[in-house]
Amino acid sequence: MSNLLDKNLFALISKKRDAAAFDKLFLRWYAPLVSYARQFVCTEDAENVVQDVMVSIWENAPETVIRTSVSSYLFSAVKNRCFTLVNRGSIRMRVMDNVRASLLNEVIPDSSGDLDFNELIIKVRMTLLKLPEPQRRAFEMSRFEDLSYKEIAEIQGVSAKTIEYRISSVLKALREALEDYITS
């Protein structure tokens with residue numbers, strides 16, 4: 001019976017853009033989906049994931065084809081978004097670890113012996129964001145994706161010498177932006 005109710009609610013949402021049907025579906029599944037998402041992410045992220053999935057249902061319902069039950073579709077969508085969120089977080093952490101590790105040997109600690117890595121990371125991000133896309137992307141592929149200059153050149157459709165120049169330009173820009181932190 002509940003599967004039929006969910007199908008009817010989804011049909012009303014997708015065919016008639018029925019806001020009341022959406023509200024019922026949202027209220028019916030919000031708490032169970034948040035509880036499920038909390039297995040993968042923190043509570044705040046779980047709530048955001050479920051809200052994103054439900055907004056996506058509202059926005060894309062006319063084009064969405066559900067081959068399973070609505071509940072199975074919702075739980076799968078929540079799980080997939082949680083995994084995407086976790087993967088993005090782990091990639092972000094890996095990038096930060098790589099930046100820290102690559103700069104650690106060149107960095108001068110402040111007088112207390114501790115360096116404010118958050119400040120340093122912000123400076124690195126801001127510097128990278130100001131660079132032309134081809135240079136920034138070549139640098140990211142080299143340093144964070146461990147691709148060779150030749151592989152990057154093939155992807156970007158340029159010579160390996162061009163990639164070498166692009167990365168060299170990024171390193172120069174980083175050295176200039178971080179001159180207060182880098183030893184000579």
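Preceding this section is the structure that the text describes.
A short tour of the structure in this document, coming up.

Rules and cut-offs
Note that residues are indexed from 1 along each chain, following the sequence as it is written. Reporting of local features is limited, given that this is a predicted model, to residues whose pLDDT is at least 70; pairs of side-chain atoms are given and counted only at 80 or more, and all residues count toward the totals for whole chains, interfaces and linings. Remark: hydrogens and water are excluded; side-chain values derive from all non-hydrogen atoms of the structure. Among buried residues, the Ala, Val, Leu, Ile, Met, Phe, Trp, Tyr and Cys ones that are joined through side-chain atoms within 4.5 Å form a nonpolar core. Here the term buried applies to any residue with accessible area under 20% of the maximum for its type, exposed to any over 50%, and partly exposed to those in between, with areas from a 1.4 Å probe on protein chains only. Counting from the N terminus, the helices are the DSSP runs of H or I reaching at least four residues and the strands are the DSSP runs of E reaching at least two. Two residues qualify as a contact provided that any one of their heavy atoms is within 4.5 Å of a heavy atom in the partner residue. Whether two aromatic rings pair depends on their centres lying within 6.5 Å, for rings of Phe, Tyr and Trp, where Trp uses its six-membered ring; planes under 30 degrees apart make the pair stacked, over 60 edge-to-face, and the rest tilted. The axes used here are C-alpha line fits, helices contributing only the stretch in contact, and every angle between their N-to-C directions lies in the interval 0 to 180 degrees. Small angles under 35 degrees read as roughly parallel and large ones over 145 as roughly antiparallel, with 65 to 115 read as roughly perpendicular and the rest as oblique. All amino acids are sorted into three groups, where Ala, Val, Leu, Ile, Met, Phe, Trp, Tyr, Cys and Pro are nonpolar, Asp, Glu, Lys and Arg are charged, and the leftover types, Gly among them, are polar.

Looking at the nonpolar core
In globular proteins that are soluble, nonpolar side chains generally tend to be buried together.
Move 1: Residues Leu25, Leu33, Val50, Met54, Leu74 and Val78 are the most contacted members of the largest nonpolar core, which totals 23 residues.
Move 2: Top element by residues in this core is helix 2 (residues 19-37). It accounts for seven residues.
Move 3: Setting aside its immediate chain neighbours within four residues, Leu25 contacts Asp6, Leu9, Ile13, Met54 and Val70.
Move 4: Formed by 16 residues, the second largest nonpolar core is a distinct cluster that contains Phe139, Met141, Val170 and Ala173.

Notes on the packing of aromatic side chains
Move 1: Overall, the coordinates contain seven aromatic pairs when judged by the stated rule.
Move 2: Measuring from centroid to centroid gives 6.1 Å for Phe22 and Phe26, while their planes differ by 40 degrees, and the two rings are tilted. Of the two residues, Phe22 and Phe26 are both situated in helix 2; the distance of four residues between them amounts to about one turn of the helix.
Move 3: A relative accessible area of 14% means that Phe22 is categorised as buried.
Move 4: For Phe26, a relative accessible area of 23% puts it in the partly exposed group.
Move 5: Considering the side-chain rings of Tyr36 and Phe75, the 5.1 Å spacing of their centres and the 80 degrees angle between planes classify their relative orientation as edge-to-face. On the criterion of sequence distance, the pair formed by Tyr36 in helix 2 and Phe75 in helix 4 (residues 70-104) is long-range, its members being 39 residues apart.
Move 6: Accessibility expressed as a relative area gives 21% for Tyr36, which makes it partly exposed.

Remarks on the packing of helix 7 (residues 149-156) against helix 8 (residues 160-177)
Relative orientation and spacing of two packed helices are given, respectively, by the angle between their axes and the distance between those axes.
Move 1: Running from amino to carboxyl end, helix 7 crosses helix 8 at an angle of 105 degrees, the nearest separation of the two axes being 8 Å. As judged from the angle between their axes, helix 7 and helix 8 are roughly perpendicular. In this structure, helix 7 contributes Tyr149, Lys150, Ile152, Ala153 and Gln156 to the contact, and helix 8 contributes Ala160, Ile163, Glu164, Arg166 and Ile167.
Move 2: Considered class by class, the residues forming the contact of helix 7 with helix 8 number six nonpolar, one polar and three charged.

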